[in-house]
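Here is what each chain is made of, one letter per residue.
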Amino acid sequence: MRSAALCGVALLSFLGCSSTSSDLANNENPVNGGGGTTGDPVDVWLTKGDQSVKLQQQTAVYFTSASNSYPSIEIDASKVFQTVDGFGYTLTGGSVEVINQLTAAKKQELLNDLFSSSGIGISYLRISIGASDLNSEVFSYDDMPAGQTDLSLSQFSLIKDQAVIQMLKDILMINPNIKILATPWSPPVWMKDNGSTIGGSLKPEYYNVYAQYFVKYIQAMKAQGITVHAVTPQNEPLHPGNNPSLYMTAANQAAFIKNNLGPAFQAANINTKIIAYDHNCDNPAYPLAVLNDTGANPYVDGSAFHLYAGDISALSTVHNLYPDKNVYFTEQWTSSTGNFSGDLDWHVKNIIIGSMRNWSKTALEWNVANNASFGPHTPGGCTQCKGAVTINGGNSYEKNVAYYIIAHASKFVPVNSQRIASTETGNLSTVAFKTPAGKTVLIVQNGGSTDQAFNIKYNQKTAPVTISGHSAATYIF
């Protein structure tokens, strides 16, 4: 279960936040260690935990040959790690429902802000196959009256997700290259051994028909112009208490992939990736059991993780044993009971920096949007999940801490960027990338309470900077 003990989301953050003259005068960076402004410039974007600065560009700093006594964060572009697939959120049915309450102009403004290159450039979305717990009602794509089944899937229909499909089309107009991961919270209840949307297991006699359910879904989405880049067989397979949910052991998942889902995709010429697990970092044994299965392994692209329990280093544990398989970070929620500063610290350190330093190809926060009551959600669904954006009415929305957590990566690290080596020092957590355009991007989180001066060291030159306590900064050069 998602643990409210982990850092959650913010006190209310305010809409927008344009730079003011006082913001710019209060430059975060020292004057280049005496090095002047003759070297290469470094663009600086900052978010402070106290919310006085939120994703605002600061005065540029410059590389210099002058020396100082600051500790250095050294970037080594010769050491190359994974390629990035993207940063983003889950576009829940509830998110779509509340975004659609905005006026047409305000909705377009928000979608442009989220998905365009002039906004924060979200490049990866997770969606639910059927309802998630952040839908206003529970449904699958083939619900039947009690006691009835539909082995031929003749009643299969995406009609209840038409609003999500339409919004995905709107998003694809803004970013045609966005990648989409689709995940079920539950199969149709007639396939389950308890006949309920909550918990239960998939009956073995329905493994084949459930594999065809995935095939029909991917084909139906394709017919709508939406390519599903990847699927996981089950969201949080060891958490059967959510509504909807399903309990699926590692052995059951491996059997489903090797005997049913993988062969079904192959027979239908579907190249959508199959990603195992999609649950917490405290149980790397689960994805390893799937990858250890010689029948399932060839069909599996990699493993997906959440961090409501365990340590982010679990991604490296799995990667190191199967370096030819990918790892993905696919969900972390921010809570209505959290605070901006604590959430910014924890999430940037663990979800953005931590997942990337541990080989992840994605870093995804949970839902895009909700209303001021943290809805909609299903009966028994998450009541404290706070979206990246809160929709307050037809003309009003607020950007919350999850917006800034993702933005510090998504705006500056495009798809197909490669992680490169960066050192860490003191309270500063770091990750660095080389973009397809040849830019170097360094993301730094200062988890300490005091300002920290340091050098960005690259190719034997240094750029001296200072980052505020409990702040995140992105440096681009």
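For the structure itself, look to the data block above.
This report concerns the structure included in the present document.

Procedures and definitions
- Residues numbered from 1 in each chain as written.
- Predicted model: local features only at pLDDT ≥ 70, side-chain atom pairs only at ≥ 80, totals over all residues.
- Heavy atoms only, no water.
- Salt bridge = Lys/Arg side-chain N within 4 Å of Asp/Glu carboxyl O.
- Helix = DSSP H or I, 4+ residues; strand = E, 2+ residues; numbered from the N terminus.
- Buried < 20%, exposed > 50% of the residue type's maximum accessible area, 1.4 Å probe, protein only.
- Polar contact = N/O pair within 3.5 Å; in protein donor to acceptor, adjacent residues only side chain to side chain.
- Contact = heavy atoms within 4.5 Å.
- Pairing = 2+ DSSP bridges.
- Axes fitted to C-alpha atoms, helices over the stretch in contact; angles between N-to-C directions.
- Expected span 1.5 Å × (residues − 1).
- Arc of directions from axis to C-beta.
- Disulfide = S-S within 2.5 Å.

Let's talk about the pattern of salt bridges
Following the criterion strictly, the structure yields 9 salt bridges and no others. The closest approach of N and O atoms between Lys 361 and Asp 85, which form a salt bridge, is 3.8 Å. In this pair, Lys 361 is assigned in strand S12 (residues 360-367) and Asp 85 in the loop between strand S3 (72-83) and strand S4 (86-90), connecting sequence segments 276 residues apart. With its nearest N and O atoms 3.8 Å apart, the salt bridge here joins Arg 357 to Glu 424. Of this pair, Arg 357 sits in helix H9 (residues 340-357) while Glu 424 sits in the loop between strand S17 (418-422) and strand S18 (428-434); the two residues are 67 residues apart in sequence, bridging distant segments of the chain. The class for Arg 357 is partly exposed, based on a relative accessible area of 28%. Looking at Glu 424, the relative accessible area reads 41%, which means it is partly exposed. Three or more residues are tied together by salt bridges with common partners; here these are Arg 126, Asp 278 and Glu 331.

Focus on the side chain of Ser 116
You can see Ser 116 is positioned in the loop between helix H3 (104-115) and strand S5 (124-129). With relative accessibility at 10%, the residue Ser 116 sits in the buried group. Reaching out from Ser 116, the side chain makes a polar contact with the side chain of Ser 118 at a distance of 2.9 Å. Here Ser 116 is in contact with Leu 111, Gly 121 and Ile 174, once residues within four sequence places are set aside.

As for the sheet that holds strand S16 (residues 396-399)
Overall, mixed pairing links the 3 strands, which are arranged S13-S15-S16 in an open sheet. Among the strands making up the open sheet, the edge pair consists of strand S13 (369-371) and S16. Neighbour to neighbour, the strand axes of the sheet diverge by 30° on average, direction disregarded. Examined bridge by bridge, strand S15 (residues 389-393) and S16 share 4 bridges and lie antiparallel to one another. Within S16, the position partnered with Val 389 by the bridge is Lys 399. Against the sheet, H3 engages S15 and S16, with an angle of about 20° to S16.

Observations concerning the side chain of Asp 85
Given the relative accessible area of 6%, Asp 85 is considered buried. Non-local contacts of Asp 85, meaning those with residues more than four positions away in its chain, are made with Ser 123, Tyr 124, Lys 179, His 229, Lys 273, Tyr 328, Lys 361, Thr 362 and Val 415.

Comments concerning helix H4 (residues 162-174)
With 13 residues, H4 extends 19 Å from end C-alpha to end C-alpha; this agrees with the ideal 18 Å at 1.5 Å per step. Of the positions making up H4, those classed as buried are Val 164, Ile 165, Met 167, Leu 168, Ile 171 and Leu 172. Taken down its axis, H4 places every buried residue within 165° of arc, on the same side. Packed against the buried residues of H4 are helix H2 (93-99), H3, S5, strand S6 (179-184) and helix H5 (207-223).

Notes on the sheet that holds strand S8 (residues 273-281)
Spatially, the 8 strands close up into a barrel ordered S4-S5-S6-S7-S8-S9-S10-S12, and their pairing is parallel. The pairing of S8 with strand S9 (residues 300-310) spans 7 bridges and is parallel. Of the residues in S9, the one forming a bridge with Asn 280 is His 306. Here helix H6 (residues 250-267) sits on the sheet and contacts strand S7 (230-231), S8 and S9; the angle it forms with S8, its principal contact strand, is near 150°. Here H9 sits on the sheet and contacts S4, S9, strand S10 (326-331) and S12; the angle it forms with S12, its principal contact strand, is near 150°.

Quick look at the state of the cysteines
Under the counting rule described, the total for this entry stands at 1 disulfide. Each sulfur in the disulfide pair Cys 382 and Cys 385 lies 2.1 Å from the other. Across the S-S bond linking Cys 382 and Cys 385, the dihedral sits near 100°, which makes this disulfide right-handed. In this pair, the class of Cys 382 matches that of Cys 385, namely buried.

Overview of the pairing of strand S19 (residues 440-446)
S19 sits mainly inside the fold: 7 of its 7 residues count as buried. A two-sided burial pattern is seen for S19, the buried positions comprising Thr 440, Leu 442, Val 444 and Asn 446 on one face and Val 441, Ile 443 and Gln 445 on the other. Bridge analysis of S18 against S19 gives 7 bridges, and the strand direction is antiparallel. Paired with Ser 429 across the bridge in S19 is Gln 445.

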